[in-house]
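Analysis of the macromolecular model
Listed below, chain by chain, are the residues.
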Amino acid sequence: MPFSNPGFDPKNIENLKAELKNSGKSFKVIPDDENSDEFVNFYFIGKYEGREVIYDAALYTLRLHHASEVYELAEHEAAKKFPNFKGINYEEDENGNMKPLSSEEEEIGWFITEIIMDLEEEEAVKVQEFVDIDTNHDYGIGLDAALNVEEINEKVVAKFIQEFNDDTLVLDETLYSFQTEEDEI
């Protein structure tokens, strides 16, 4: 019987199990340019409604989640002030150097930076740890989660999977706000 969602297909689950067994890990990192020490996209096997399924997970630091929320809010403010704003596109020349922004893009960029600094200074955006499940995902079950950790590394991912699968994951409900560190500006 063909499965409409390949992440529920027992063959795919068995293939991933074999791959995980060979690697000695409980997860498989999905190669992605976005993966960093603050974000990782990976597959793991868990249960959903009593049966095994592949989870397509994105795990990130609470600091990155906060920065994303702040940036989204700043972009929204820029769109209100600049009716033509559709996002700032950075392009490279043939030598790989960044092409200069137009004067309007430059102005919008400075406006966004000021909004971000104000939002951070006022601690206007607060975030907390969370796990979101997407059962309408195109491959298995989608899972987004943010944890209040310094970095996302193999140990953090393995602990998250263990606690998620054992139903022992306890999320910190404290609301946090972060400041951009000087070396990030």
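Scroll up to find the structure.
Along every chain, residues carry numbers that run from 1 in the direction the sequence is written. Confidence filtering applies because this is a predicted model: local features only for residues at pLDDT of at least 70, side-chain atom pairs given and counted only at 80 or more, and all residues used for totals across whole chains, interfaces and linings. Hydrogens are left out, water is left out, and the side-chain values use all remaining heavy atoms of the structure.

**Some words on the overall build of the protein chain**
Helix and strand assignments come from DSSP, with helices taken as H or I runs of at least 4 residues and strands as E runs of at least 2, each series counted from the N terminus. The number of helices and strands found in the protein chain is 4 helices and 5 strands. The globule rule puts the C-alpha radius of gyration for 185 residues at 16 Å, and the 20 Å found for the protein chain is more than 25% above it. Taken across its 185 residues, the protein chain has 34% of its residues classed as buried. We call two residues in contact whenever any of their non-hydrogen atoms come within 4.5 Å of each other. Expressed as a percentage of contacts within the protein chain between residues at least 6 apart in sequence, the contacts between residues at least 24 apart total 63%. Of the charged side chains in the protein chain, 15 are positive and 46 negative, and the gap between their average positions amounts to 9 Å. As defined in this context, the radius of gyration uses C-alpha atoms, and a globule is described by 2.2 Å times the residue total to the power 0.38. Accessibility here uses a 1.4 Å probe with only protein chains present; expressed as a share of the type maximum, an area under 20% marks a residue as buried, one over 50% as exposed, and anything in between as partly exposed. In this tally Asp and Glu are treated as negative and Lys and Arg as positive; neither His nor the chain ends contributes. Think of each charge as sitting on NZ of Lys, CZ of Arg, CG of Asp or CD of Glu.

**As for the sheet that holds strand β5 (residues 141-147)**
With respect to topology, 5 strands assemble into an open sheet ordered β1-β2-β3-β5-β4, the strand pairing being mixed. Edge positions in the sheet fall to β1 (28-29) and β4 (130-134), since each has one partner strand and no second. For two strands to pair, DSSP has to find at least two bridges joining them. Relative to β5, β4 runs antiparallel, the two sharing 5 bridges. Within β5, the residue paired with Ile133 across the bridge is Leu143. All axes are obtained by fitting lines to C-alpha atoms, using only the stretch in contact for helices, and the reported angles, taken between N-to-C directions, cover 0 to 180 degrees. Set on the sheet, helix α2 (residues 62-81) makes contact with β2 (39-48), β3 (51-61), β4 and β5; between it and β3 the angle comes to about 70°.

**Comments concerning unusual backbone geometry**
We note that Glu49 has phi near 50°; this positive angle belongs to a residue other than glycine. Within the secondary structure, Glu49 sits in the loop between β2 and β3. Positive phi outside glycine occurs at Asp167, with the angle close to 60°. Using a relative accessible area of 71% as the deciding quantity, one classes Asp167 as exposed.

**Topic: the pairing of β2**
In terms of burial, β2 is largely enclosed, as 8 of its 10 residues are buried. For β2 and β3, the ladder comprises 10 bridges, and the chain directions are antiparallel. The partner of Ile45 across the bridge, within β3, is Ile54. Taking the residues between adjacent antiparallel strands as the criterion, β2 and β3 are bridged by 2 residues, where Glu49 takes a positive phi near 50°.

This is a description of form; function is not addressed.
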